[in-house]
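As a plain string of letters, each chain reads:
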Amino acid sequence: MSSWLAALCLLLLHTGAFGFGIFSGKSLNHQEITERAILNVTVQACRAVAMAEGKDFTFPPQPFTAASVVAACQAPKSSKTFLQTIQLIQKTNQRTDFRFFFSPANHFDNEKFSEGRKIITEGLSAVKTANKRENFEVAREILGGILHTLQDFYSHSNWVEMGNKLPNSNLIRQDTSIGTVADESRATCRSCDRDDCSNNILEDVLRDKILISGYFELLGTKPKGKCSHGGILDSTSIIEPTGGINKDGLDAKHGYLHTDAANLAIAATSELLEDVRGAAGDKPFLQMMGISKGSSKALCFVIDTTGSMGDDIAAVRNVTASIINDKVGTEDEPSLYILVPFNDPAFGPLTRTKDPNAFKESINSLTATGGGDAPEMSLSGLQLALTGAPPGSEIFLFTDAAAKDAYLKSTVTALIERTKTVVNFMITNVLGRRRRESGNSQQQLLARVGTSDAELYRQLAHTSGGQAIEVTKSELPVATSIIAESSGSSLVTLLQAARSPGKAENFTFAVDESAKKLTIYITGSSVAFTLISPSGVSQESTNTTGPLTTAFLSVGNFKTLQLKIQAGLWEIRMVSTNPYTLKVVAESTVDFLFEFLEPSQSPLGGFDAVDNRPKAGVNGSLMVTLTGTDSATVTEVVLVQSSGSGQVNGTVEAQGGGNFLARFDMIPSEEFVVLVKGQTSSGSSKSSSMIFQRQSNTNVRASTLTVTPVISDRVLVPGMPLSVVFSLTTSGAGGNFNIQATNDQSFALTFPPSLSVGASGSANGTLNITAPVNTSSGTDVTLTVQAEAPGGTDTNYFVQRFTVLTPVTDITKPVCQLLSLQSNCSAPCSLFMWELSVQVTDGANGTGVDSVSLKQGNGTLNATLGAGNNITLVSYNASCCSPDVELWVVDQVGNVASCSYAARTTSASTQQPPTTATESSSTKTVQSFLLCLIITILGLNFSFDIQIN
């Protein structure tokens, strides 16, 4: 074992960097195994980034949490997005049981080893390809599913029984053997008694290292002499040979090996994540995990570029320049910049960049030309932004015209609800005339964003928790102050409400000591109110320089008030009878995530997260997860009617780890928001506590319909139709339900225009989507499918993301060949240097080397294209105080090779190996690293439960 690896082992043992210990006697499931692997690999990626930047890195204390990891990574504002990413990967992992329960390959049952590995390797290729295009959301969804299959291998096969102490690394490679698999005719087990199955695998199977797994059938049989999975759901377990070999939990038939299986599942999950990290690079890997330095928010503009929008585009240029100049290099710098132009009939393309100067250039290149008739493709542009921006983003749409594509309203609404994205509309010249040029003529056409036209934008803004700001063009530069305030900040919502028609009503909101930059947004005409502080001081809306505000802005229909921070219970008394919206926000790292739950349709039972609208009029459950705090607790979860005073209170049960389960007797049929209240330790006194409240931005609609994809791949092959089977269920009246399907790439779709469903019945439909043959590998496509009840009285939807993947033929790793290594290292090491030269190739049929980077070492690396397109020459030199180096070599399709070298502490020498590549050295490095990982894990006392079929 090299010196660097020994040092890493010592580091792991002392810091607990790979310690997954929990209370003795408990079991660990797929979700917990996945989380621990993610936390540990993320920590290693953050450490590598810090070291590359010459910064110190301190491992967080055990046990790791999402909050402690982002703190160690010096990215505290990523706490929510990191936890959101973990939960998404866990959710798609769990759904392998729910949606592929009867698929042996997805669980390595029935000795389906080649099929199971194919699922892993093809999914891994899709993850790497999506990451390369920065389509991180679909990469996360695919990743969760393949991790489930990988983890099942160690619980369902006899890998542990054969005495293996390391994961089977060949499960994530296509060009090697995973072992000798038992012939279909070979007997593998004997019957075991009720309580002891420890010796039921036949001795010759173990002696000859024959790979087997248990057979599982809910209602069925198995080949003669084969082992069963075991358990009450496995009908084969009572067929000779009886019993089972699964290690799903401590009480399973092979539960005595459960801990070993779970340890290997953690190590294997870490190994796969390390492979993804190697292909992506450290910073893109962290971005996939939802971690970025500075703000976790994207700055996203959707801009009308027709002839009359010159002033608006100029305003956008100015606010963009201001934000970039003020925030680049600070903790409030946006993590991503997105631009989508639109006019008529064109919209897009979507520009997405992390480079602020490139974004500024994209804004500067916009020109206001053409236009024709007044309505524009605003919702098409917004659809692109909603599918291209990270979930939870805030989008600003600028226009002075109505939507020509208003038929996309339901699609856009579904995407807003699914992504929990805030959309703000900056609408100019609401009452003015719009000048257009038609073709080459100078004809002036009259147009207007009238009341009914603007109402569409108001409704979408309301759904998202955003603002519909209506101003003149001369007022727009002042109104854009909302963009500078919201971009880059960890904004949380304390209160929001909408009243149309308006009415006199009192609202209260609690401000805790973590809240900074307290701001009130109000939209509406002639809105009057009184603001009262916790100390009883009041300020009228007519007083713009009162005692409670530091700034008071009123422009068009929009008012914004910056409040003097004072912790406690505030009150705002609205006295207007005109329609208005009210929103109170603050900057704070303390926030929450929420998901509605429903009983799963799997024979395993349990609960699945609801990805669309929850069921209306019935009882329901909601899981709330606090972010950015380890000390707060939830005391109330309330479903508050969005446009009224009605509310439904839930009963709250703490689940541990910042999770709280809220149960409701009835999910309301009216639109509502989720209000969370609780207590958090006071910043001034740890022994005292303060009340806090947070509210969801997105308004939630419940439905009597359920629309769910049954089974669908997440990968599209260019030119090949992909079938998506979906189920429609209603708990109300029957009839013909209209079906609408759209996608953001305009790929060809076929689907039934309607489905006939009986009262409280269900029906299945099949949709086919086809990517054109010339579609680039890694292209992301978002499919939205909606069902509408007869008469349009109710709707629901599902949203599914896919990645386009050209079939991968390059399945071998790049190869390193050492050309020379020169060293003259002796004490003191700081006075001496060493260097090496390496030739990297990707084989005659390879796709070519894409990148060479340092996984370990702090010397100088140079890589240049050598003779031939498939040869890269690498040179490296470093101080003798840094005697070890490990290269990460990645080809064009994401195959990763790890090549390690070390300086010699002898006199100057040149080593010239004949033709040997360092692939074997790389394998030994990986094996040594995993052995170190297993030793570290086994040094702790714990047990696990892999909950699988």
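What you are looking at is a predicted structure, and each value in this text was computed from that prediction instead of being measured.

Caption draft 1: A look at the overall build of the protein. Within the protein, the regular secondary structure consists of 17 helices and 43 strands. For the protein, the proportion of its 949 residues judged to be buried stands at 56%. Restricting the contact set of the protein to residue pairs at least 6 apart, pairs at least 24 apart contribute 73%. With an accessible surface of roughly 36,700 Å², the protein has 52% of that area assigned to carbon and sulfur atoms.

Caption draft 2: Main features of the pattern of salt bridges. Per the stated rule, a full pass over the model turns up 41 salt bridges. Taking the shortest distance from any N to any O, the salt bridge between Arg-207 and Asp-208 comes out at 3.2 Å. A relative accessible area of 58% places Arg-207 in the exposed class. Of the charged contacts, one joins Arg-418 and Asp-611 as a salt bridge, the two residues approaching to 3.7 Å between their closest N and O atoms. Highlighted residues: Arg-418 in helix 13 (residues 409-419) and Asp-611 in the loop between strand 19 (607-609) and strand 20 (620-627), separated in sequence by 193 residues. Classification of Arg-418 as partly exposed rests on a relative accessible area of 22%. It is possible to trace a salt-bridge network through shared partners that takes in Lys-91, Arg-95, Arg-418, Glu-595, Asp-608 and Asp-611.

Caption draft 3: Representation of the nonpolar core. Grouped together as the largest cluster of nonpolar side chains are 66 residues, with contacts concentrated most on Phe-82, Leu-143, Leu-272 and Met-289. At the level of elements, helix 2 (30-52), helix 3 (66-72), helix 4 (79-99), helix 5 (113-132), helix 6 (136-156), helix 8 (258-280) and helix 9 (282-288) are the ones that each hand at least two residues to this core. Apart from the residues lying within four places of it in its own chain, the contact partners of Met-289 are Ile-38, Thr-42, Thr-81, Phe-82, Thr-85, Ile-89, Arg-140, Leu-143 and Leu-273. Ranked by size, the runner-up nonpolar core spans 31 residues in total, among them Ala-298, Leu-336, Ile-395 and Ile-427.

Caption draft 4: Spatial organisation of the packing of aromatic side chains. Summed over all chains, the structure comprises 20 aromatic pairs. Considering the side-chain rings of Phe-596 and Phe-672, the 6.1 Å spacing of their centres and the 75° angle between planes classify their relative orientation as edge-to-face. Taken together, the positions of Phe-596 in strand 18 (residues 591-599) and Phe-672 in strand 25 (residues 672-681) put the pair 76 residues apart, joining distant regions of the chain. Like Phe-672, Phe-596 is buried. Aromatic rings pair up to connect Phe-108, Phe-113, Phe-153, Tyr-154 and Trp-159 into one cluster.

Caption draft 5: Here's a closer look at the packing of helix 2 against helix 8. Where helix 2 meets helix 8, the closest approach of the two axes is 9 Å, and the angle between their N-to-C directions is 40°. With respect to their mutual orientation, helix 2 and helix 8 come out oblique. As for the relative orientation of helix 2 and helix 8, their crossing is right-handed in sense. Facing helix 2, whose interface residues are Ile-33, Ala-37, Ile-38, Val-41, Gln-44, Ala-45 and Ala-48, helix 8 presents Ala-262, Ala-265, Ile-266, Thr-269, Ser-270, Leu-273, Glu-274 and Arg-277. Its residues assigned to classes, the contact of helix 2 with helix 8 shows 10 nonpolar, 3 polar and 2 charged.

How each quantity is defined
- Residues numbered from 1 in each chain as written.
- Predicted model: local features only at pLDDT ≥ 70, side-chain atom pairs only at ≥ 80, totals over all residues.
- Heavy atoms only, no water.
- Helix = DSSP H or I, 4+ residues; strand = E, 2+ residues; numbered from the N terminus.
- Buried < 20%, exposed > 50% of the residue type's maximum accessible area, 1.4 Å probe, protein only.
- Contact = heavy atoms within 4.5 Å.
- Areas by Shrake-Rupley, 256 points an atom, 1.4 Å probe, with all protein chains shown as cover.
- Salt bridge = Lys/Arg side-chain N within 4 Å of Asp/Glu carboxyl O.
- Core = buried A, V, L, I, M, F, W, Y, C linked by side-chain atoms within 4.5 Å.
- Phe/Tyr/Trp six-rings, centres within 6.5 Å; stacked < 30°, edge-to-face > 60°.
- Axes fitted to C-alpha atoms, helices over the stretch in contact; angles between N-to-C directions.
- Parallel < 35°, antiparallel > 145°, perpendicular 65-115°, else oblique.
- Left-handed = near helix turned anticlockwise from the far one by under 90°.
- Nonpolar A, V, L, I, M, F, W, Y, C, P; charged D, E, K, R; others polar.

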